[in-house]
Amino acid sequence: MAQNGVTPGPRDRQLQQSLGTLSAVIRKASWKQNTAIVSTSRVLLVGAGGIGCELLKNLLLSGFGEIHIIDLDTIDLSNLNRQFLFRHEHIKKSKALVAKEAATKFRPQAKLEAYHANIKDNQFNVEWFESFDIVFNALDNLDARRHVNRMCLAANVPLIESGTTGFNGQVQVIKKGQTECYDCTSKPIPKSFPVCTIRSTPSQPIHCIVWAKSYLLPELFGTSEDDMEMDHSEDSENTEEIAKLRQEAQALKEIRNSTGSSDFAKKVFDKVFTQDIVRLCGMEDMWKSRKIPEPLSYDSLENEASSVDSFISKEDQKTWTLVENFAVFKDSIQRLVKRLHELQATVSEGPPPIITFDKDDVDTLDFVVASANLRSAIFHIDLNSKFDIKQMAGNIIPAIATTNAMTAALCILQAFKVLKDDYANAKMIFLERSGVRAINTDSLKPPNPECPVCSVAQGKIFVDPNRATLNDLVEGILRLKLGYGDEFSINNQLGTIYDPDLEDNLSKKLSDLGVGNDSFVTVIDEEDPSPKVNLELLVAERTAPEAQTPVSLETELSIPTKPKVPVVEPTNGTHEQINGKRKRTADEAELENGGPQLKKIAKTGTGSGGDGPIVLDDDTGAILIDD
């Protein structure tokens with residue numbers, strides 16, 4: 001072909017052919033290299049819900065060779081419309097285990113490992129995280145997101161964080177020392193609440209509220225999970241497990257059939273607040289690192305409930321006592337039974353009538369409030385007022401299957417860049433329904449020098465769990481070895497365990513303050529004018545001889561001071577700090593929900609909280625997920 005009016009000669013054509021051949025060889029070699037990187041990668045997928053199912057399928061079809069899936073949750077009826085790996089026969093089974101079984105059919109030669117467990121369990125320590133080439137987060141709560149972020153930073157493993165809320169989605173690449181981490185940007189107080197998976201181990205009021213609203217109420221007065229015939233053809237070999245699931249599903253259905261009986265409320269109560277809890281208590285592995293639930297007694301509460309004012313349910317600003325919640329539970333369930341019978345009497349043909357939740361419906365709201373608070377009491381969770389529960393139960397964001405699928409696909413595209421160490425071309429990606437473009441991107445930002453998680457000094461300490469006290473850490477290590485002054489504080493996953501105004505903990509053992517093997521403590525220097533950067537210490541337990549100190553450093557540490565933040569004088573005369581951060585749009589700020597809620601451990605060693613707006617410590621993340 002002539003170029004610039006000049007016809008190429010034989011030598012030019014030969015050169016072009018050679019260049020074309022060379023380009024093809026390079027592309028083929030590059031493709032083989034990329035394929036090899038992907039096929040030999042060891043991947044961790046945290047979460048097997050809406051995004052997790054899509055991600056697992058994409059990982060397998062993209063050629064990833066070894067994938068480990070972890071999820072604490074079990075499958076609900078409400079999951080089936082978007083979590084496509086699950087079927088009706090899988091209800092009440094482990095999400096991680098079923099996802100592994102279903103996804104194996106996409107690529108039988110791939111290696112899949114599944115864990116029905118909590119990612120925060122001690123077995124999943126820093127050394128375990130170090131064994132992976134890349135980690136994907138598909139979680140539904142802030143606390144777990146922050147934990148995985150911190151573990152990936154400690155293990156120096158790249159993390160791809162993702163989440164969705166309605167039509168909006170977000171994907172973020174996180175790499176220690178190169179990009180912002182999950183905690184580099186502050187999270188505003190959440191304005192809405194996700195439908196969390198709440199069957200196994202509730203830890204927040206919202207878990208119990210959704211359990212009452214989306215499970216117990218429909219089972220008794222709405223569409224039961226057992227209304228459809230279960231198909232167990234694929235599980236014919238697991239006859240014992242199938243029989244157990246059918247027996248459990250049948251229990252509430254039989255109780256529902258006795259709605260006209262005088263002891264209906266007692267049957268429901270004994271099933272969900274006594275028998276089910278006793279069965280949960282028998283699963284000893286589940287309660288190794290958390291407080292075991294305590295079943296309730298119907299007879300004991302009924303004896304005390306006789307003195308409860310019949311108008312207690314109208315006191316919506318008051319947090320009812322356990323006995324008052326029991327009284328409202330009995331009264332509301334009787335109201336709903338009467339209402340359902342009246343509806344049934346008016347319907348002669350067609351499907352039977354049902355009662356569904358409406359936050360403005362007094363009967364269903366009273367039932368949800370009382371049931372949620374009774375369940376909260378069982379799991380040692382703070383009770384809430386009717387007013388507060390109405391707010392939380394009425395602000396649940398639905399999940400969109402298409403958004404989950406698009407977000408998961410974008411995660412894979414970013415993973416290819418991460419595995420090639422091409423962080424220069426990796427992006428922060430936003431899915432937005434409004435605007436000219438559905439997908440918007442932004443360059444990855446460097447770590448925030450003020451971030452309390454990633455812009456820290458790191459070290460490791462050895463602790464004798466039988467002897468080490470907080471004072472050994474404060475005086476023997478921080479002041480004597482590392483040169484800290486008087487003004488600093490120490491935090492761990494429970495909150496603040498030491499500061500200059502909280503010295504009564506000094507004589508307590510570190511193990512009694514939640515400082516154990518593979519946990520972290522963060523030291524925050526508050527000395528003026530040149531405070532040190534935050535120090536994060538990984539704890540390793542080992543018994544030390546009496547002649548040795550019970551707390552010791554693995555290696556010598558040099559802790560730099562925090563960089564000074566310049567101050568500028570804007571035109572309005574007020575001072576502003578320059579931190580190089582891009583201002584978030586209103587939509588992005590809406591996605592980045594959930595602020596850190598540190599609670600000080602009181603001098604008695606127990607947690608204490610203050611009054612204020614409804615804030616969930618660990619139930620929303622950068623993006624809300626309806627799982």
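Bear in mind the structure is a predicted one, so any value in this text is a computation, not a measurement.

Colleague: For the sheet that holds strand 2 (residues 66–70), give the residues involved together with the corresponding values.
Modeller: If you walk across this open sheet you meet the eight strands as 3-2-1-4-5-6-7-8, and the pairing is mixed. If you trace the sheet from one side to the other, it starts and ends with strand 3 (111–115) and strand 8 (439–443), each paired once. Strand-to-strand twist in this sheet, taken as the mean axis angle between neighbours without regard to direction, amounts to 15°. As defined by bridge partners, strand 1 (residues 42–46) adjoins strand 2 across five bridges and the pair is classed as parallel. Its bridge partner being in strand 2, valine 43 is matched across the sheet by isoleucine 67.

Colleague: How would you sum up the environment of alanine 305? Please name residues and give values.
Modeller: Within the fold, alanine 305 resides in helix 9 (residues 298–305). Looking at alanine 305, the relative accessible area reads 14%, which means it is buried. Note: C-alpha distance between alanine 305 and valine 328 (23 residues apart in sequence) is 9.5 Å. With near-sequence residues (within four places) excluded, alanine 305 lies in contact with Val323, Phe326 and Ala327.

Colleague: Describe the sheet that holds strand 12 (residues 520–525), listing the residues and the values that go with them.
Modeller: Pairing is mixed across the open sheet formed by six strands, whose spatial order is 11-10-12-13-9-14. Where the open sheet ends on each side, the last strands, each with one partner, are strand 11 (495–498) and strand 14 (551–553). Recorded for the sheet is a direction-independent mean angle of 35° between the axes of neighbouring strands. Taken together, the four bridges between strand 12 and strand 13 (residues 535–541) define a ladder with antiparallel strand orientation. Within strand 13, the position partnered with valine 521 by the bridge is leucine 537. Against the sheet, helix 5 (residues 142–155) engages strand 9 (457–463), strand 12 and strand 13, with an angle of about 85° to strand 12. Packed on one face of the sheet, helix 14 (residues 470–479) meets strand 9, strand 10 (488–492), strand 11, strand 12, strand 13 and strand 14 and runs near 125° to strand 10.

Colleague: Describe in detail the nonpolar core, supporting the description with residues and values.
Modeller: Of all hydrophobic cores here, the largest spans 55 residues; its most connected members are Leu220, Phe221, Val268, Phe269, Phe329 and Ile333. Elements with a minimum of two residues in this core: helix 6 (205–221), helix 7 (239–256), helix 8 (264–281), helix 9, helix 10 (322–346), helix 11 (362–378) and helix 12 (386–393). A total of 11 residues in this core trace back to one element, the largest contributor, which is helix 6. Residues Leu45, Leu56, Ala99 and Met428 belong to the second largest nonpolar core, which totals 42 residues.

Colleague: With reference to specific residues and values, describe unusual backbone geometry.
Modeller: The phi torsion at histidine 380 lies on the positive side, around 60°, for a residue other than glycine. Take histidine 380: it is sitting in the loop between helix 11 and helix 12. Histidine 380 gets classed as partly exposed once you look at its relative accessible area, which sits at 31%. At aspartate 421, a residue that is not glycine, the phi angle is positive and equals roughly 60°.

Parameters at a glance
- Residues numbered from 1 in each chain as written.
- Predicted model: local features only at pLDDT ≥ 70, side-chain atom pairs only at ≥ 80, totals over all residues.
- Heavy atoms only, no water.
- Pairing = 2+ DSSP bridges.
- Helix = DSSP H or I, 4+ residues; strand = E, 2+ residues; numbered from the N terminus.
- Axes fitted to C-alpha atoms, helices over the stretch in contact; angles between N-to-C directions.
- Buried < 20%, exposed > 50% of the residue type's maximum accessible area, 1.4 Å probe, protein only.
- Contact = heavy atoms within 4.5 Å.
- Core = buried A, V, L, I, M, F, W, Y, C linked by side-chain atoms within 4.5 Å.

What is shown is where atoms sit, not what they do.
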